[in-house]
Every structure is written in C-alpha cells, then in structure tokens.
Amino acid sequence: MKTTETPAHDFGLTLGMLTLRIWLAVRALQTGLEKFAGTSAGSKAVMVDGAPNSYGLSEATTTKAYALSNYQGVPAPLYEKFAAEPLIPNWGLDIYNIILGPALLILGLTLLLGIATRFTLFAMGLLYTSLTFGLILIKQDAGVAWLGIHIIMIVAALALAKYNRFAIFRGW
C-alpha cells in the first residue's frame, strides 16, 4: 500500500533541506574566505590614566585583514607536513594550494543559491574526501572526524534533495 505524505510533512523536510544547504554553504564560504585572511601590523599610543601618553610610547597592534595577497589555500604548517608525505606529489600539492580557496567559495555560493544542488553537494563531498585523505596521512584524527561529520551532513542533504524547493536547476 502506497502512503502519501502530508503537505506539512513535506514542508518540514523542505525546511530541513534548506537548513542543511545554508549551513553547508556558509561553512564552505567562510572557510574559503578565511584562505584570504592575514594580519596587518600597526601601532597605537599607550594609554595612561585613560588618555594617550605624552611620552610617545606606543604598542604594537595587529588586525585581521582580507586581501588577495594573503591567499594561502593550505596553511603553511600543514603545507610543510603534506610536502613531506610521499603519497602527495609536490605538483599536486601546489595545484591544491591554488584551487582550494576558490573551490570552497564557488561550491558555497552555488549551494547557497541552490544552483545544481545535487551536483554541488556531490562535488563538495569529493572536496571534503580529498581533505580527509590529507589529514589521514598526517594523522590529524580530530580533523578527520570533523570532516566525517560534514560528509554525513552532505549525505543527509542529498537524501533530502527531492524536498529542495528553493533552488535553481532543481533536477541536478
């Protein structure tokens, strides 16, 4: 006997899919954006009794800044560890270092907008799987576990894809 779902049940699953889509998209967008983060050094006058001192004393300050010149797809400490791994060729690591940030930004944006959601989720799953491969090699078990949770969320979103009502190119 075939069961029919009530419209309220469909709406709940639609909201569930939308929530997963937004979370995964924001996660990818923010991670991709952080690849362009750096620090800007400066100085400010030392305060004495709540007012700038008259002696010319200053202290160093740093602020977070985003710029294309700050781009580092793979953080330097991890890059060095990956470069020492025989299963990761240097040319592959160099390519990955270049494309990781833009890939995260593109996947996050397409998922947020609902452009080819199934394909985007699958590509995001492949990207997180590739990140997992690298973290396994350098024995970063906590990172592997976190990426495993991301994969579970992607699988859940793919399972709910038929309830993806707010999307462009819904069939993909």
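Our subject is the structure that appears above.
Residues numbered from 1 in each chain as written. Predicted model: local features only at pLDDT ≥ 70, side-chain atom pairs only at ≥ 80, totals over all residues. Heavy atoms only, no water.

Caption draft 1: Representation of the overall build of the chain in the model. The number of helices and strands found in the chain is five helices and four strands. For the chain, whose C-alpha radius of gyration is 22 Å, the value lies well above the compact-globule estimate of 16 Å for 172 residues. On the principal axes, the C-alpha backbone points of the chain span a range of 85 × 50 × 25 Å. For the chain, buried positions account for 29% of its 172 residues. (Helix = DSSP H or I, 4+ residues; strand = E, 2+ residues; numbered from the N terminus. Rg over C-alpha atoms; globule rule 2.2 N^0.38 Å. Buried < 20%, exposed > 50% of the residue type's maximum accessible area, 1.4 Å probe, protein only.)

Caption draft 2: Region of the structure containing the pattern of salt bridges. Counted under the stated rule, the structure contains one salt bridge. Glu34 is paired through a salt bridge with Lys64; the nearest N and O atoms lie 2.8 Å apart. Pair noted here: Glu34 is in helix H1 (residues 7-34) and Lys64 is in strand E4 (residues 58-66), with a separation of 30 residues, a long-range link. (Salt bridge = Lys/Arg side-chain N within 4 Å of Asp/Glu carboxyl O.)

Caption draft 3: Summary view of the layout of surface pockets. In this structure, the largest pocket occupies an estimated 560 Å³ of space. Lining the largest pocket are 26 residues; nearest its centre among them are Phe82, Tyr96, Leu100, Leu131 and Leu135. At the level of secondary structure, the elements contributing two or more residues to the lining of the largest pocket comprise H1, helix H2 (76-83), helix H3 (90-113), helix H4 (117-137) and helix H5 (141-159). The greatest single-element share of the lining of the largest pocket, amounting to six residues, is contributed by H4. Counted by class, the lining of the largest pocket contains 17 nonpolar, seven polar and two charged residues. (1 Å grid on protein atoms, 1.4 Å probe; cavity = no way out; pocket = protein on both sides within 12 Å on 5 of 7 lines; lining within 4 Å. Points joined across faces, edges and corners; volume = space filled by probe spheres on them. Nonpolar A, V, L, I, M, F, W, Y, C, P; charged D, E, K, R; others polar.)

Caption draft 4: Local environment of a nonpolar patch on the surface. A contiguous nonpolar surface patch, about 610 Å² in accessible area, is contributed by Ile22, Val26, Leu109, Leu112, Leu113, Ile168 and Phe169. At the level of elements, H1 and H3 are the ones that each hand at least two residues to the nonpolar patch. Here the nonpolar patch gets three residues from one element, more than from any other, and that element is H3. (Patch = residues over 30% accessible without salt bridge, like charges linked within 9 Å, V, L, I, M, F, W, Y side chains within 5 Å. Areas by Shrake-Rupley, 256 points an atom, 1.4 Å probe, with all protein chains shown as cover.)

Caption draft 5: Layout of the side chain of His150. Within the secondary structure, His150 sits in helix H5. Taking the relative accessible area as the measure of exposure, His150 reaches 4% and is therefore buried.

Caption draft 6: Spatial organisation of H3. Taking 1.5 Å per residue as the helical rise, H3 with its 24 residues ought to reach 34 Å, and the 35 Å between its terminal C-alpha atoms agrees with that figure. Maximum bend of H3: about 40 degrees, positioned at Ile99, with proline Pro102 one to four residues after it. Among the residues of H3, Leu93, Tyr96, Asn97, Leu100, Gly101, Leu104, Leu107, Gly108, Thr110 and Leu111 are the ones counted as buried. (Expected span 1.5 Å × (residues − 1). Bend = angle between axes of the 7 residues up to and from the residue.)

Caption draft 7: Region of interest: the packing of H2 against H3. Direction vectors running N to C along H2 and H3 enclose 155 degrees, while the axes themselves pass 10 Å from each other. By the criterion of interaxial angle, the relationship of H2 to H3 is roughly antiparallel. Relative to H3, the crossing made by H2 is right-handed. For the pair H2 and H3, the contacting residues are Tyr79, Phe82 and Ala83 in the first and Asn90, Leu93, Asp94 and Asn97 in the second. When its residues are assigned to classes, the contact of H2 with H3 shows four nonpolar, two polar and one charged. (Axes fitted to C-alpha atoms, helices over the stretch in contact; angles between N-to-C directions. Parallel < 35°, antiparallel > 145°, perpendicular 65-115°, else oblique. Left-handed = near helix turned anticlockwise from the far one by under 90°. Contact = heavy atoms within 4.5 Å.)

Caption draft 8: Quick look at the packing of H4 against H5. Between H4 and H5, whose axes approach to 9 Å, the crossing angle comes to 165 degrees. Judged by the inter-axis angle, H4 sits roughly antiparallel to H5. For the crossing formed where H4 meets H5, the hand is left-handed. Contacts between H4 and H5 involve Arg118, Leu121, Met124, Gly125, Tyr128, Thr129, Leu131, Thr132, Leu135 and Ile136 from the first element and Gly143, Val144, Leu147, His150, Ile151, Ile154, Ala157 and Leu158 from the second. Looking at side-chain class alone, the contact of H4 with H5 contains twelve nonpolar, five polar and one charged residues.

Caption draft 9: Region of the structure containing the packing of aromatic side chains. With the rule as written, the count across this model stands at one aromatic pair. Measuring from ring centre to ring centre gives 4.8 Å for Phe36 and Tyr71, while their planes differ by 45 degrees; the resulting arrangement is tilted. With Phe36 in the loop between H1 and strand E1 (37-45) and Tyr71 in the loop between E4 and H2, this pair connects stretches of sequence that are 35 residues apart. (Phe/Tyr/Trp six-rings, centres within 6.5 Å; stacked < 30°, edge-to-face > 60°.)

Nothing here speaks to function; it is all geometry.
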